[in-house]
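# Structural overview
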There are 2 protein chains.
Amino acid sequence: MTTPDLSALLDRDRANAELFDLLRLPSVSADPTRTADMAATAEFLRAKLAGLGFTARIDATAGHPVVYAERLNAPHKPTVLIYGHYDVQPEAPLEEWVTPPFEPTVRDGRIYARGSTDDKGQAYAHVKGVELLLSQGELPVNVKFLLEGEEEIGSPNLEPYLRDHADELNADVIVISDGSRFAPDVPTITYGVRGLSYVEIHVQGANRDLHSGSYGGAAPNPINALAEIITRLKDDQGRVTIPGFYDGIDELTDTERQMWADLPHDDASFAASIGVPALPGEAGYSTLERLWGRPTLDVNGIWGGYQGEGSKTVIAAKAGAKVSMRLVPGQDPERITGLISEYVPTLAPAGTTAVVHPHHGGRPFKFDLNSPYNLAANRALKRVFGREAVFARTGGSIPIVAAFNDLLHAPVLFVDLGLNEDAPHSPNESFAVSDYHNGILTSAYLLQELGAPTSAE
Amino acid sequence: MTTPDLSALLDRDRANAELFDLLRLPSVSADPTRTADMAATAEFLRAKLAGLGFTARIDATAGHPVVYAERLNAPHKPTVLIYGHYDVQPEAPLEEWVTPPFEPTVRDGRIYARGSTDDKGQAYAHVKGVELLLSQGELPVNVKFLLEGEEEIGSPNLEPYLRDHADELNADVIVISDGSRFAPDVPTITYGVRGLSYVEIHVQGANRDLHSGSYGGAAPNPINALAEIITRLKDDQGRVTIPGFYDGIDELTDTERQMWADLPHDDASFAASIGVPALPGEAGYSTLERLWGRPTLDVNGIWGGYQGEGSKTVIAAKAGAKVSMRLVPGQDPERITGLISEYVPTLAPAGTTAVVHPHHGGRPFKFDLNSPYNLAANRALKRVFGREAVFARTGGSIPIVAAFNDLLHAPVLFVDLGLNEDAPHSPNESFAVSDYHNGILTSAYLLQELGAPTSAE
């Protein structure tokens, strides 16, 4: 193709400054005290897109608002819907941040801030990619932006939104950048995501906290009971013990297992990257297979009794835990949530009762490795990275992918711009400055390639 | 004996008003922000005792101060040292209190307030008992008060205090009222207390919190690991699995087992009193044996990962728990703490490390059922309750009892004035108004009986 070198035209300082302004807004969707910040973040994005000549607006939902914008000036060309989310994970534990989560800071070529990679940085790269193309003329395709504010809490209101705006959101392909490349020098196209079932387990013992001296030895202890329940949810092979949990799983193909076995992965360095001496998990599967193609069960939070200074000799009345299960194609989140809800009460030790409260779920998803969109993405990535992309899956969940498929009937194309080292969801989340800039170029080239789907480089 | 009916002479309204003033002082020894309240509480007691003609003072320690007072006007009579503590448990969880913990309120004949029974109410009953006797003349024995402010945090500074003041504190018997009677109509003399080993277990996984999607299936989870460690600390018979834990235990005698079997105890109503369907514990022992004569292990608090609103899909870097073991005669707290500190690290699942941090301990203790002091106490209780006392043990720990024995070489006499229903250490701790008044009379009669140890009623 004959296009100017967009890389030379990118104003990197300005691109950084704009992203920093976006990152300063503490858009934590799970925090009920931050609704005003959520609204301010939506308005920031609406105004930016309006400034680029998009028809842009903020649509209210039952929860946090959706930013929708469109620029449809490419007749007879494909329509590309770019999805992203402007909400971020809670920043806790705050004390572990080297610099404040909402004061973006560059250290060693990385932008440190909550949301820098998940997903503000990756979503804004597309906004800047579009701006870069517009500096050269009209867009090569019709572009729609759908930026939601509830991805980190399970997108409870996006499905109804998609339902109500299905015609308006109609597109040939949906582009999502909300994940990690396989490695810094490895452009990656992700063709599958795991699903999620997230629940809370509440265990009740006595009707009040008890003195562990007066009652210890006879009173049921809900914390010990919760520990036993959690332990019994997995066997010594790392397999989940919930009856029916593995039923109907779409097993990994030999092709997939071979493709992943060929990837440049090394358990030792992976373990070293998170500072652990071992990588425990389900027996009989490689690390990549366990991360991408097998379901898991992890406790994400636990509480009970006295957590304060010093020592309190109490037997608590209740204890609780947040438990999530990552699911793979063939597992339905509602069915799995139902199974654990039935199973956990049967594990409650004598004298205690256990109940499961569902939080949210997300369907696992897998799509065609050889779609023209994947091929176009591969060409775009080659122009940025100088090499073919690898086809991976992600262990993470993007619950609304299935909704896109069901309601908009369009294929989803994942172009991951981040890295696992970005530490999304952790203190000191970051996004490499070079990845942000490459992401802007990837977005621009991708729209060009999608506008000329049959062209060759 | 020919003494006036002290019951008719007791000004109950004034006794209540004074105790309420004492209970309003938030003397939480574990709370570093309450040191001023601790000092104010000590001064309240010093001033009261000085007003009764005692030589009273406040002695500083490395922690919270000790209140010491003496009135030695009974030559050739025994010297009685009355021990109590003016510090109280933390009030958390505050939201579960029907009325504020430091605003004493009477409902249904009970005084609701933190410390009402443990131990301000029981200790102050002795102060008022002495006052009642003084209204009739000189005390029948020499009386010393030792009121400490660190019992709820393990009395870290009392042992040095006893060492430094051993001569001054010299006594024939040490009276302690800091426990529960067997039942409302059953006067109780306690001849043994359990010991305590209290530790924290800290488990470390990765070097940072991880996204459970990106890492779930391969990253070690310290919360799941902690649950497994806790579960493995007991077997399916409710026995503690720590190697050597039961070595050298002074087993219950047939006499004791028979004496307790004869007590009016009913498992069903005991279970109903705390709202549980079962009373799990060590197999092969009755409930009373498990509460008074057998060691236990209970988790008193646990934490890890995300405990906030909504759901956070994180694999935490670390998790922790507070664990206490109640000990019986024959078990040394330091030895037991050493055993669990060696054992827990060996239970850490692959990819995690576990360490034990000791908190505090207390030695178990048991003393002579037939001492003249027990017999005097039995006579005093009979004058108040009209029936013989029962001889029980308590599952609780009073760590400094052993220190009294070692350093002051005096026998300890437990005269319990409270009830388990008082819910010490729990929200809505209370003390029956009638128990407080009976406690004042019990204290007065006890001093009379100790002053005439050979007399018969």
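Residues numbered from 1 in each chain as written. Chains lettered and ligands numbered in written order. Predicted model: local features only at pLDDT ≥ 70, side-chain atom pairs only at ≥ 80, totals over all residues. Heavy atoms only, no water.

In the annotation of an unreviewed UniProt entry, chain A is listed under the name Peptidase M20 dimerisation domain-containing protein and assigned to Deinococcus arenae.

Attention shifts here to the overall build of chain A. Counting its secondary structure elements, chain A contains 14 helices and 18 strands. In terms of overall size, chain A behaves like a compact globule, its C-alpha atoms giving a radius of gyration of 23 Å where 457 residues would be expected to give roughly 23 Å. Viewed in the frame of its principal axes, chain A has a C-alpha envelope of about 80 × 50 × 45 Å. Within chain A, the fraction of its 457 residues that count as buried is 63%. For chain A, the share of sequence-separated contacts (at least 6 apart) that also reach a separation of at least 24 residues comes to 81%. A total accessible area of about 15600 Å² is found for chain A, and carbon and sulfur atoms account for 51% of it. Each charge class in chain A was averaged separately, 37 positive and 61 negative side chains, and the resulting centres sit 0 Å apart. (Helix = DSSP H or I, 4+ residues; strand = E, 2+ residues; numbered from the N terminus. Rg over C-alpha atoms; globule rule 2.2 N^0.38 Å. Buried < 20%, exposed > 50% of the residue type's maximum accessible area, 1.4 Å probe, protein only. Contact = heavy atoms within 4.5 Å. Areas by Shrake-Rupley, 256 points an atom, 1.4 Å probe, with all protein chains shown as cover. Lys, Arg positive; Asp, Glu negative; His and termini not counted. Charge placed at Lys NZ, Arg CZ, Asp CG, Glu CD.)

Moving on to the interface of chain B and chain A. A common way to express how large an interface is: the accessible area buried when the components associate. Tallying the contact residues gives 84 residues for chain B and 84 residues for chain A. Each partner contributes to the roughly 7000 Å² buried at the junction of chain B and chain A, and carbon and sulfur atoms together form 54% of this total. The largest share of the area that chain B buries against chain A comes from Ile274, Ser311 and Lys312 of chain B, three residues that together contribute 9% of it. Put simply, chain B and chain A have two salt bridges between them. With its nearest N and O atoms 3.7 Å apart, the salt bridge here joins Lys318 of chain A to Glu96 of chain B. Summed over the shared surface of chain B and chain A, the number is 49 residue pairs in polar contact (both at pLDDT 80 or more). Here the side of chain B that touches chain A gets 10 residues from one element, more than from any other, and that element is strand E11 (residues 296-305) of chain B. Sheet topology note: the strand E11 (residues 296-305) of chain A/E11 of chain B ladder contains five bridges and is antiparallel. Within E11 of chain B, the residue paired with Gly301 of chain A across the bridge is Gly305 of chain B. (Buried area = accessible area lost by both parts, 1.4 Å probe. Salt bridge = Lys/Arg side-chain N within 4 Å of Asp/Glu carboxyl O. Polar contact = N/O pair within 3.5 Å; in protein donor to acceptor, adjacent residues only side chain to side chain. Pairing = 2+ DSSP bridges.)

Attention now moves to the nonpolar core. Ranked by size, the top nonpolar core spans 105 residues in total, and within it Leu49, Phe54, Phe145 and Phe404 of chain B carry the most contacts. When near neighbours in sequence (up to four residues on either side) are disregarded, Leu49 of chain B contacts Phe54, Ala56, Val67, Ala69, Val127, Phe145 and Leu147 of chain B. Counting residues in hydrophobic clusters, the runner-up holds 104 residues, among them Ala42, Val80 and Ala125 of chain A together with Ala206 of chain B. (Core = buried A, V, L, I, M, F, W, Y, C linked by side-chain atoms within 4.5 Å.)

Listed under "domain: Peptidase M20 dimerisation" (unreviewed entry) in the UniProt record, and renumbered for this structure, are residues 192-350 of chain A. Along residues 192-350 of chain A the backbone is 33% helical and 23% strand, and the end-to-end C-alpha distance reaches 42 Å. (UniProt positions renumbered as here; feature names shortened; annotations may be inferred.)

Residue and element names in this part refer to chain A. Parsing chain A into structural domains produces domain 1 (7-193 + 364-450) and domain 2 (195-249 + 295-362). Centre-to-centre, using C-alpha coordinates, domain 1 lies 35 Å away from domain 2. Counting from both sides, the interface comprises 11 residues of domain 1 and, opposite them, 11 residues of domain 2. At the boundary of domain 1 with domain 2, the tally comes to zero salt bridges. (Domains from an automatic or database assignment.)

Our focus in this paragraph is unusual backbone geometry. The peptide bond linking Ala92 of chain A to Pro93 of chain A adopts the cis configuration, its omega dihedral lying at -5 degrees. By the element assignment, Pro93 of chain A lies in the loop between strand E3 (79-85) and strand E4 (105-107). Looking along the chain, the bond that leaves Asp118 of chain B and enters Asp119 of chain B is cis, with omega of 0 degrees. Relative to the helices and strands, Asp119 of chain B is located in the loop between strand E5 (110-112) and helix H4 (120-134). Notably, Ser155 of chain B is not glycine yet its phi reads approximately 50 degrees, a positive angle. The topology assignment puts Ser155 of chain B in the loop between strand E6 (142-148) and helix H5 (158-164). Take Ser155 of chain B: its relative accessible area is 5%, and that puts it in the buried class.

Quick look at the sheet that holds strand E4 (residues 105-107) of chain B now. Residue and element names in this part refer to chain B. Read across the sheet, three strands follow the order E4-E5-E18 without closing on themselves; strand pairing throughout is antiparallel. Bordering the open sheet on either side are E4 and strand E18 (430-432), each of which pairs with just one other strand. When the angles between neighbouring strand axes are averaged without regard to direction, this sheet yields 30 degrees. One ladder, built from three bridges, connects E5 with E18; its direction is antiparallel. Within E18, the position partnered with Arg110 by the bridge is Ala432. Across the sheet, helix H14 (residues 433-451) touches E4, E5 and E18, and the angle it forms with E18 is around 65 degrees. (Axes fitted to C-alpha atoms, helices over the stretch in contact; angles between N-to-C directions.)

All names here are of chain B. Scanning the entire structure with this criterion turns up six cavities of 30 Å³ or more. If you trace the largest cavity, you find it lined by Leu22, Leu45, His85, Tyr86, Lys120, Ala123, Tyr124, Val127 and Leu147. For the lining of the largest cavity, the element with the most residues is H4, which contributes four residues. For the lining of the largest cavity, the per-class residue count stands at seven nonpolar, one polar and one charged. As a volume, the second largest cavity reaches approximately 50 Å³. (1 Å grid on protein atoms, 1.4 Å probe; cavity = no way out; pocket = protein on both sides within 12 Å on 5 of 7 lines; lining within 4 Å. Points joined across faces, edges and corners; volume = space filled by probe spheres on them. Nonpolar A, V, L, I, M, F, W, Y, C, P; charged D, E, K, R; others polar.)

For the pair chain B and chain A, the superposition axis carries a translation of 0.1 Å, the fit reaches an RMSD of 0.1 Å, and the rotation angle comes to 180 degrees. Each copy turns onto its partner about a two-fold axis. (Least-squares fit on C-alpha atoms with pLDDT ≥ 70 in both.)

All names here are of chain B. Tracing the sequence through the fold places Lys144 in strand E6. For the buried residue Lys144, which engages in no salt bridge, the nearest side chain bearing the opposite charge is Glu70, 4.9 Å off. In this structure the side chain of Lys144 is engaged in a polar contact, spanning 2.6 Å, whose partner is the backbone oxygen of Asn170. Not counting residues within four places of it along the chain, the set of residues in contact with Lys144 comprises Tyr68, Ala69, Glu70, Leu72, Thr79, Val80, Leu81, Ile82, Asp167, Glu168, Leu169 and Asn170.

On the basis of which strands lie adjacent, the open sheet formed by eight strands has the order E14(A)-E9(A)-E13(A)-E11(A)-E11(B)-E13(B)-E9(B)-E14(B) and antiparallel pairing. Only two strands of the sheet have a single neighbouring strand rather than two, namely strand E14 (353-362) of chain A together with strand E14 (353-362) of chain B. The mean inter-strand angle of the sheet, taken between neighbouring strand axes irrespective of direction, is 25 degrees. Pairing of E11 of chain A with strand E13 (residues 318-327) of chain A involves eight bridges; the strand directions are antiparallel. In the strand pairing of E13 of chain A, Thr296 of chain A is matched with Arg326 of chain A. In this fold helix H11 (residues 333-347) of chain B packs onto strand E9 (195-204), strand E13 (318-327) and E14 of chain B, with an angle of close to 170 degrees to the strand it touches most, E14 of chain B.

A few words on the environment of Ile242 of chain B. Residue and element names in this part refer to chain B. Mapping Ile242 onto the fold places it in the loop between helix H7 (222-232) and helix H8 (254-261). In the structure, Ile242 is positioned 10 residues away from Arg232 in sequence and 9.2 Å away in space, judged by C-alpha atoms. Contacts of Ile242, omitting those with residues within four sequence positions, involve Leu233, Leu297, Met325, Leu339, Ile340 and Tyr343.

Per the counting criterion, the structure on display carries 60 salt bridges over all chains. Between Arg14 of chain A and Glu18 of chain A there is a salt bridge, and its shortest N-O distance comes to 2.9 Å. Taken together, the positions of Arg14 of chain A and Glu18 of chain A, both in helix H2 (residues 12-23) and four residues apart, correspond to about one turn of that helix. By relative accessible area, which is 41% here, Arg14 of chain A ends up partly exposed. With its nearest N and O atoms 3.8 Å apart, the salt bridge here joins Glu228 of chain B to Arg232 of chain B. Residue Glu228 of chain B and its partner Arg232 of chain B are both found in helix H7; the two are separated by four residues, about one turn of the helix. On the basis of relative accessible area, Arg232 of chain B is assigned to the partly exposed category, the value being 41%.

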